[in-house]
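Coordinate analysis (summary)
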Amino acid sequence: MVFCTRCGNSTRLINLSAEEKLPVWYILDEFGSRVQHSHDPSFRMVPFFYIPTQMSFTLLWPIKSLEQGDEVTRDYVENVHDELLRKIRLLPWEPADLTDISANQTEPEEAFFTSSRRNETLPDHERLEPIPTIGGGNKLKVFANYIYVKDYLKDSRFEIVENQEEADILWLNNHFKDYK
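Heads up: these notes are all about the structure in this document. Worth saying up front: this structure is predicted, and the values here are computed from it rather than measured.

Strands pair in a sheet through their backbones, by hydrogen bonds, and they do so in one of two ways: parallel or antiparallel. Taken in spatial order, the three strands make up an open sheet running S9-S8-S10, and their pairing is parallel. With one partner strand each, in any of the chains shown, strand S9 (158–160) and strand S10 (169–171) form the two edges of the open sheet. Across the sheet, the mean angle from the axis of one strand to that of its neighbour is 30 degrees, orientation sign disregarded. Summarising the sheet, strand S8 (residues 140–144) and S9 pair through three bridges and their orientation is parallel. Within S9, the residue paired with Leu140 across the bridge is Phe158.

Right under this line is the structure:
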């Protein structure tokens, strides 16, 4: 199942591969871009990305009763409840005086950066095989678990292989420890 989250005018698909989770940016049409912001909106507006056609659509529906002539509004930063964060995210549309907020940044302790680190060992240089060179008719064998590498690496000097053991080049999106 694919879900969408809203961030500005972009859609991010979840429950997919790392490549497919990239934001999909889109521009609202003439109507959608005219809907004004309100802290008490009359409508919700969300993107809908239809995968079979690779197109984004904007869905709009009322969230309260309206009379004829009432303005269609939406909350540009819905689900942001922290008052300061709302002010910051609304700066392009609503001026705010933020001069009383300190711009000083406090750096985390070193343990913050090292807590998830995995200490690595260097490869044993005596066990390493010479790196193949391009040319001489030998193709470099590439194993990749990125679909875009498989789809778009078409240079005749490379050959996509399905087994890591056969590969000269590993193009991975996960951690590996054993050096070839």
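We are not done yet, so read on.
A few words now on unusual backbone geometry. Positive phi values are uncommon outside glycine, yet Asn79 reaches one of about 65 degrees. If you trace the backbone, Asn79 turns up in the loop between strand S7 (73–74) and helix H1 (83–89). On the accessibility criterion, Asn79 (63% relative accessible area) is exposed.

Relative to strand S6 (residues 55–62), strand S5 (residues 43–50) runs antiparallel, the two sharing eight bridges. For Tyr50, the partnering residue across the bridge sits in S6 and is Met55. If you look at the hairpin formed by S5 and S6, you'll find four residues sitting between the two strands, and Gln54 has a positive phi there, around 55 degrees.

Next up on the list: the packing of aromatic side chains. Counted under the stated rule, the structure contains four aromatic pairs. Here Phe48 and Tyr50 contribute two aromatic rings whose centre-to-centre distance is 6.3 Å and whose plane-to-plane angle is 25 degrees, an arrangement assigned as stacked. An angle of 65 degrees between the planes, with centres 4.7 Å apart, marks the rings of Tyr76 and Trp93 as edge-to-face. Here Trp93 lies in the loop between H1 and helix H2 (110–114) and Tyr76 lies in the loop between S7 and H1, a separation of 17 residues in the sequence. Residue class for Trp93 comes out partly exposed when judged on its relative accessible area of 49%.

About the cut-offs
Numbers given for residues are sequential positions, taken from 1 along each chain in its written order. Local features in a predicted model are, by the rule used here, given only for residues with pLDDT of at least 70; side-chain atom pairs are given and counted only at 80 or more, and totals for whole chains, interfaces and linings are based on all residues. Values shown for side chains rest on all heavy atoms present in the structure; no hydrogens or waters enter the calculation. Two strands pair under a simple rule: DSSP has to find at least two bridges between them. Numbering goes from the N terminus for both helices and strands, where a helix is a DSSP run of H or I of at least four residues and a strand is a run of E of at least two. To get an axis, fit a line to the C-alpha atoms, keeping to the stretch in contact for a helix; angles then go from 0 to 180 degrees between the N-to-C directions. Only protein chains enter the accessibility calculation, which uses a 1.4 Å probe; a residue whose area is less than 20% of its type maximum is buried, one above 50% is exposed, and one in between is partly exposed. Between rings of Phe, Tyr and Trp, where Trp is taken as its six-membered ring, a pair exists when centres lie within 6.5 Å; planes separated by under 30 degrees are stacked, by over 60 edge-to-face, and by other angles tilted.

Purely spatial values, then, with no claim about function.
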